[in-house]
Amino acid sequence: MKIDDAQMAKLADAARIGLGPDAGALARDLEQIAAYASVITGDDSTRSPAQSSDAQNLSAPLRPDVVTNAPNAEALLAGAPDVKGTYIRVPRTVEE
Amino acid sequence: MNIHHLTALELGSLIKAKQLSAPEVARAFLDASAADNATLNAYTEILEESAMAAATAVQKRLDAGESLSPLAGVPMALKDNICSTEGTTTAASKMLGGYRSPFDAAAVEKLKAAGAVIIGKTNMDEFAMGSSTEKSYYGPTRNPWGKNRVPGGSSGGSAAAVAAGLAPYALGTDTGGSVRQPCGFCNLTGVKPTYGSVSRHGLISYASSLDQIGPMARDAADCAAILSILASLAVDTPHPPTDAPRPPLKIAMPTNHYDLPGLAPAVRAQVLKTADTLRSLGAEIVETTIPLLECTVPTYLIIACAEASSNMARYDGVKYGYRALETPTINDVFCKTRAEGFGAEAKRRILFGTFVLLSENYDTWYRKAVQTREMIKAAYDEALKACDLILTPVSPTPAYEIGANIEDPLEMYLGDIYTASANLAGLPAAAAPCGFDGDGMPIGMQLIGRPYSESLILDTLASYQEATDFHKKRPPSPDSMERGAAK
């Protein structure tokens, strides 16, 4: 299958990834991957059972519903690229 | 006694008996790691200060008579997508360069409580997306068995560190084979536990319905000891064979798995010999066919990439991690950051995941993959009704040369053909050494079991490892790593 420039632009927009000069090479890679993966997309009703509602009857032990990592604004802000006080700073989102 | 050749349990036993001290052991492994990391690039970060502090603290607890796990004081390496408050957690990506986690992953908390000493964070394919540890922002890791070979991936740094004697054991993560395949490439034993049995809290997500943290160590006994700490269920330490009759084990070999054109003859031969050894230990080997093998990797790719495209959306340059410069608008922050912060493979998988989730593609691709996953799971459940374990190779070939598949992503993905099914089906699976090829490169075999049968898998591997010595072989010393040579 072919992924043209318009489709690539649509994917890049949905994925929020600026492509630039990579676009062509990535499109070829995606075509190759899609061609390989399409083995399961064939229209074969005998291989398409109704989706089951539950994958496994698991009995994994659950932990108590207790928050174990308490909010720590200082630690969280320490990882942010740009802060102002207790805010994370980003470019203006609403145009004037 | 070369402590770098000891298993984790052997070291723990010596520390408990006060024949060695935890700080002494930590020092030895830190020094080895620092000396050899320039060649192997197994670590993204060696945690000298915190490791020595932890070792000293554990020794105090031991000296005070506190009862700790058999692994107390034993150093370990941690794959760099598992959050730790020591050092950075980068997932080997520019996107998380320098990121310091404010919390420990649940697995790390449990190991620390048991007295583990984390000596470093290990290299990996970026965000666990890869099978060779060539896709790291920090450069490729080299296989201690052959410096021109890959160690496997994505937990290649962990595998290289343990194989080279730089750490007695390590944690890796496995989404499509990323613990098992590097173990196969580096002559180690490793486990992908039953999905859900080890907490993913603090594991940087790649594909949430497939990811699992697992141990990578020298033998089955070590893996069992590590799992007994990590897992939310009891995993018995394997028992060596006794004269008492053991219940006969039925081990299935799916013939269609052994007829793959891409399966290297040496791999096929060694896994068939493994079956002979297991038969001599009392197991009944039966032939079976597990259908849909040709659908395993396509199904895994579609589901993993779809989930990754969602999980990776959080890396937007806003709250943490890398942010591109010269971003006048918020859209520039997102798009330029993600263009610059992700490597090529991560972008490839995010875009493919986005593709299969587009509204016009959802039914044809993603829904069909989910249905096929159910069928693959049903096929394995059916097979495991008639047997106790399934025996397959870990990967079609031994470790290949660095750069061999870098330009061909599809060739890389095909390497997951034997391992991805256990992730899709949520089943436990373990890899262990079963021989070497003509170049002296390790070959691994895989055992898959029913949900929560880790004890049976590891017990079987322990019996196998009592009867063989492949797992005891060591790679050539670092200054002579021209080609693999079993010792």
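Residues numbered from 1 in each chain as written. Chains lettered and ligands numbered in written order. Predicted model: local features only at pLDDT ≥ 70, side-chain atom pairs only at ≥ 80, totals over all residues. Heavy atoms only, no water.

With respect to the overall build of chain A
Selection rule: Segments assigned H or I by DSSP are reported as helices when at least four residues long, segments assigned E as strands when at least two residues long, and all are numbered from the N terminus. Using a 1.4 Å probe on the protein chains alone, a residue whose accessible area is under 20% of its type maximum counts as buried, one over 50% counts as exposed, and one in between counts as partly exposed. Here, Shrake-Rupley sampling with a 1.4 Å probe gives the accessible areas, and only protein chains in the shown set may cover a residue.
A count of helical and extended segments in chain A gives three helices and two strands. Traced from its N-terminal end to its C-terminal end, chain A shows the element sequence α-α-α-β-β. Counting only residues that meet the buried cut, chain A has 22% of its 96 residues in that class. Split by element, the accessible area of chain A, about 6900 Å² in all, is 53% carbon and sulfur.

Details of the overall build of chain B
Selection criterion: Here the globule rule is a power law, 2.2 Å times the number of residues to the power 0.38, and the radius of gyration is based on C-alpha atoms. Two residues form a contact once any of their heavy atoms are found within 4.5 Å. Charged residues are defined here as Lys and Arg on the positive side and Asp and Glu on the negative side; His and the ends of the chain fall outside this count. Charged groups are reduced to one reference atom each: NZ for lysine, CZ for arginine, CG for aspartic acid, CD for glutamic acid.
A count of helices and strands for chain B gives 16 helices and 11 strands. Taking 2.2 N^0.38 as the reference for a compact globule, 487 residues should give roughly 23 Å; the C-alpha atoms of chain B span a radius of gyration of 21 Å, in line with that estimate. The principal-axis extent of the C-alpha atoms belonging to chain B is close to 70 × 55 × 45 Å. By residue count, 66% of the 487 residues in chain B fall in the buried class. Sequence-distant contacts in chain B: of pairs separated by 6 or more residues, those separated by 24 or more amount to 74%. Total accessible area computed for chain B in this model is approximately 15600 Å², and 53% of it derives from carbon and sulfur atoms. Taken together, the 43 basic and 52 acidic charged side chains of chain B have centroids lying 2 Å from each other.

Concerning the pattern of salt bridges
Rules: Any carboxyl oxygen of Asp or Glu that lies within 4 Å of a side-chain nitrogen of Lys or Arg is treated as forming a salt bridge with it.
All told, the structure shown has 23 salt bridges over all chains when counted by the stated rule. For B:D80, the salt bridge is made with B:K121, and the minimal N-O distance between the two is 3.4 Å. Here B:D80 is found in the loop between β2 (75-79) and α4 (106-113), whereas its partner B:K121 is found in strand β3 (residues 117-122), with 41 residues between them in sequence. For the pair formed by B:D80 and B:K121, the shared burial category is buried. A cluster of three or more residues bridged by salt bridges with shared partners is formed by A:D29, B:E345, B:R348 and B:R349.

A look at the interface of chain A and chain B
Heads up, the rule is: The quantity reported as buried area is the accessible area (1.4 Å probe) lost by two parts once they are put together, taken as the sum for both. Counting of polar contacts relies on pairs of N or O atoms within 3.5 Å, with two restrictions inside protein: one atom must be capable of donating a hydrogen and the other of accepting it, and residues adjacent in sequence are counted only when both atoms are side-chain atoms.
Each side of the interface is counted separately: chain A has 48 residues, and chain B has 61 residues. With both sides pooled, the region where chain A packs onto chain B buries about 4700 Å², and carbon together with sulfur makes up 68% of that total. Considering only the side of chain A, the residues that lose the most area to chain B are A:R16, A:Y36 and A:I40, jointly responsible for 15% of the buried surface there. For the pair chain A and chain B, the interface holds two salt bridges. At the surface where chain A touches chain B, the tally comes to eight residue pairs in polar contact (both at pLDDT 80 or more).

Remarks on the confidence of the model for chain A
Interpretation of this model should avoid reading the predicted coordinates in detail wherever pLDDT is low. Operational definition: Think of pLDDT as the predictor's per-residue confidence, scored from 0 to 100.
Within chain A, residue pLDDT values average 78, and 68% of them lie at 70 or more. The model gives residues 45-58 of chain A a pLDDT under 50, and that stretch makes 21 contacts with residues more than four places away or in other chains.

As for the confidence of the model for chain B
All names here are of chain B. For chain B, the average pLDDT comes to 93, and 95% of its residues sit at 70 or higher. Scored below 50 in pLDDT, residues 479-487 shows 32 contacts in the model against residues more than four places distant or in partner chains. For this predicted complex, the interface score ipTM comes out at 0.84, while the overall pTM is 0.92.

Some points on the nonpolar core
Formally: Put simply, buried Ala, Val, Leu, Ile, Met, Phe, Trp, Tyr and Cys residues joined by side-chain atoms within 4.5 Å make one nonpolar core.
Counting residues in each nonpolar core, the largest one holds 179 residues, and the members touching the most others are B:F127, B:Y169, B:L171, B:F352 and B:L391. When residues of this core are assigned to their parent elements, the largest contribution, 11 residues, is made by helix α10 (residues 293-311) of chain B. Among all residues touching B:F352, those that are not within four sequence positions of it are A:L30, A:I33, A:A34, A:A37, B:L301, B:I302, B:C305 and B:W365.

Examining the packing of aromatic side chains
Residues and elements named next belong to chain B. Short version of the rule: To pair, rings of Phe, Tyr and Trp, with the six-membered ring standing in for Trp, must have centres within 6.5 Å; the planes then decide the type, stacked if under 30 degrees apart, edge-to-face if over 60, and tilted in the middle.
Considering all chains together, one arrives at 13 aromatic pairs over all chains under this definition. Between the aromatic rings of Y99 and Y320, the centroid separation amounts to 5.7 Å while the plane-to-plane angle is 50 degrees, which identifies the pairing as tilted. You can see Y99 sitting in the loop between β2 and α4 and its partner Y320 sitting in the loop between α10 and α11 (330-341), a full 221 residues away along the chain. Judged by centre distance (6.0 Å) and plane angle (85 degrees), the ring pair of F185 and Y400 falls under edge-to-face. Of the two residues, F185 sits in helix α6 (residues 180-186) while Y400 sits in the loop between β9 (389-393) and α14 (409-414), which places them 215 residues apart along the sequence.

Re helix α3 (residues 48-63) of chain B
Residue and element names in this part refer to chain B. For clarity, the cut-off: Expected span, for any helix, means 1.5 Å times one less than how many residues it has. As used here, the arc is the angular range of directions from the helix axis to the C-beta atoms.
With 16 residues, α3 extends 22 Å between its outermost C-alpha atoms, agreeing within 8% with the 22 Å of an ideal straight helix rising 1.5 Å per residue. The set of residues buried in α3 consists of A51, M52, A55, V58, Q59 and L62. Buried residues in α3, looked at end-on, bunch into an arc of 125 degrees, giving them a common side. Opposite the buried face of α3, at more than 90 degrees from it, the exposed residues are E49 and K60. The positive-phi residue at the C-terminal boundary of α3 is G65, with phi of around 85 degrees.

Side note on unusual backbone geometry
All names here are of chain B. The linkage connecting G153 with the following residue, S154, adopts the cis geometry, with an omega of 10 degrees. Here S154 shows up in the loop between β3 and α5 (156-163). Here A92, not a glycine, exhibits a phi torsion of approximately 55 degrees, which is positive. In this fold, A92 is placed in the loop between β2 and α4.

Re the pairing of β2(B)
Residue and element names in this part refer to chain B. Quick reminder of the rule: At least two bridges found by DSSP between two strands are what make those strands a pair.
When you tally the buried positions in β2, you get five out of five residues, the bulk of the element. Judged by which residues are buried, β2 turns out to be covered on both faces: P75, A77 and K79 on one side and M76 and L78 on the other are all buried. Bridge count for β2 against β3 is five bridges, and the pairing is parallel. Across the sheet, residue A77 finds its bridge partner in β3, namely G120.

Description of the sheet that holds strand β11 (residues 442-449) of chain B
As a general point, the strands of a sheet are linked pairwise by backbone hydrogen bonds and lie either parallel or antiparallel. Residues and elements named next belong to chain B. Here is the rule: Fitted lines through C-alpha atoms serve as axes, helices being fitted only where they are in contact, and the angles separating the N-to-C directions of these axes extend from 0 to 180 degrees.
Strand order in this open sheet of 11 strands is β1-β3-β2-β4-β6-β5-β10-β11-β9-β7-β8, and the pairing throughout is mixed. Each edge of the open sheet is held by one strand with a lone partner, namely β1 (43-46) and β8 (284-288). Here the average twist between neighbouring strands, direction ignored, is 30 degrees. Note: strand β10 (residues 429-436) against β11, seven bridges, orientation antiparallel. By the bridge assignment, A429 is partnered in β11 with I448. Across the sheet, helix α9 (residues 265-280) is in contact with β7 (250-254), β8, β9, β10 and β11; its angle to β9 comes to roughly 150 degrees.

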